[in-house]
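Summary of the model geometry
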Amino acid sequence: MKKRVVVGLSGGVDSSVAAYLLKEQGYEVIGLFMKNWHDDTVTISNECPWLEDSNDALMVAEKLGIPFQTVDLSEQYKEKIVDYMFKEYENGRTPNPDVLCNREIKFDVFMKIALSLGADYVATGHYCRKDEEVITKADGTQETVYKLLAGEDPNKDQSYFLCQLSQEQLAKALFPVGELLKPEVREIAAKMNLITADKKDSQGLCFIGKVRLPEFLQQKLSRKDGLIYEIPKNSPIYTKEEEVFSTLEEALKAEATSIVYTPEMGKKVGEHFGAHFFTIGQRKGLNVGGTAEPLFIISTDVNENIIYTGQGSDHPGLFHKALFVQEDEIHWIREDLALQEGETMSILARIRYRQPLQKATLHKMKEGMFVRFEEPQSGITEGQFVSWHIEDELIGSGVISKL
């Protein structure tokens with residue numbers, strides 16, 4: 001009997017080709033389109049409107065001769081993604097809705113619907129790969145572990161967006177385009193005369209499309225005028241004498257702790273409409289001119305409603321050598337590799353999508369995990385995810401926290 005796969009047809013080329021490849025491989029394929037958003041007032045017109053995507057997904061399903069239906073997950077999306085985003089921004093953190101959407105919607109709510117339809121697997125158009133290995137546990141029993149691997153296309157690897165998946169979710173997931181390069185995917189779509197062959201990749205929030213983020217956030221978060229200060233590169237706060245620490249944990253804490261800025265340390269250079277609308281490392285949207293180099297945000301204080309900036313991408317306020325993940329926000333895809341208190345592991349890490357992997361060491365402490373980089377990293381942002389890897393396998397991740 002054929003194995004049944006439900007494909008999340010998004011109306012894009014990647015999921016279209018994923019559905020085609022699965023059908024070619026002999027699976028019974030069903031296409032499902034997720035409608036996660038109703039409010040078009042905050043989306044930028046003609047940028048990934050859901051109705052057009054839904055129609056494209058339907059036409060792909062008809063072309064491939066597979067059943068198709070739309071599921072409305074807007075209620076769950078609002079609760080699990082949008083409300084969470086508002087709360088995080090309000091608290092001065094910068095969430096990653098795409099990572100959350102995969103964990104909470106595509107591979108949870110959507111996967112449960114798929115399994116209720118008798119599916120053996122759920123497939124998406126993500127550029128990543130899956131592998132499995134039988135391991136022998138400490139008690140001598142054997143178990144299958146599932147591995148999340150980088151996509152073959154180095155320019156499109158999307159494993160980072162799946163960094164919060166569990167073994168249970170990965171066991172039921174298929175990534176048919178993960179072995180291909182993007183041009184190969186478009187080539188297949190063109191050869192099959194799929195309507196999505198030349199369609200631009202969607203951008204913006206997962207399944208909402210490209211939004212004007214300030215307007216989007218202003219639906220719930222009120223405008224609050226405040227001041228912008230510039231901290232000079234040669235400020236004495238960056239030339240402190242090297243401290244001597246009695247423990248490794250103290251040294252790691254010092255490296256991961258953000259500087260607490262005050263207005264007296266810099267000069268006023270402009271005004272803003274709410275510190276909670278801005279994020280560390282941001283360059284655009286400040287509307288402050290007249291500086292020799294572009295201004296970058298080095299810190300936001302949502303309690304005092306102040307934004308601190310510095311000139312140039314090499315400003316010392318942008319860089320940190322380490323970051324911290326709280327105990328309850330550490331996630332292991334490979335639970336068999338999880339560190340115990342006091343243990344360390346050499347890994348590769350990234351703190352944002354598309355960032356080249358960086359050499360780092362994990363240090364597991366009682367309160368959580370420190371990730372210490374070989375080279376200082378720019379724009380480490382609270383609320384974003386750090387992922388850790390061994391070669392091309394993503395083994396775990398966590399939410400970056402403030403110390």
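Here goes a summary of the coordinates provided. Just so it is clear, the structure is predicted and the values come from calculations on it, not from any experiment.

Right, let's talk about the overall build of the protein chain for a bit. When helices and strands are counted, the protein chain shows eight helices and 17 strands. Taking 2.2 N^0.38 as the reference for a compact globule, 403 residues should give roughly 22 Å; the C-alpha atoms of the protein chain span a radius of gyration of 23 Å, in line with that estimate. Scored against the burial criterion, the 403 residues of the protein chain give a buried share of 52%. Long-range contacts, defined as pairs at least 24 residues apart, comprise 70% of the intrachain contacts of the protein chain with a sequence gap of at least 6. When the 46 basic and 63 acidic side-chain charges of the protein chain are each reduced to a single mean position, those positions are 4 Å apart.

Another point: unusual backbone geometry. Only a minority of non-glycine residues have a phi that is not negative, and only a minority of peptide bonds are not trans. At N305, a position not held by glycine, the phi torsion is positive, near 60 degrees. Following the sequence through the fold, N305 ends up in the loop between β10 (295-301) and β11 (306-311). Within the chain, E391 stands out as a residue other than glycine whose phi angle is a positive 55 degrees. Its place among the elements puts E391 in the loop between β16 (385-390) and β17 (393-401). Judged by its relative accessible area of 65%, E391 is exposed.

About the cut-offs
- Residues numbered from 1 in each chain as written.
- Predicted model: local features only at pLDDT ≥ 70, side-chain atom pairs only at ≥ 80, totals over all residues.
- Heavy atoms only, no water.
- Helix = DSSP H or I, 4+ residues; strand = E, 2+ residues; numbered from the N terminus.
- Rg over C-alpha atoms; globule rule 2.2 N^0.38 Å.
- Buried < 20%, exposed > 50% of the residue type's maximum accessible area, 1.4 Å probe, protein only.
- Contact = heavy atoms within 4.5 Å.
- Lys, Arg positive; Asp, Glu negative; His and termini not counted.
- Charge placed at Lys NZ, Arg CZ, Asp CG, Glu CD.

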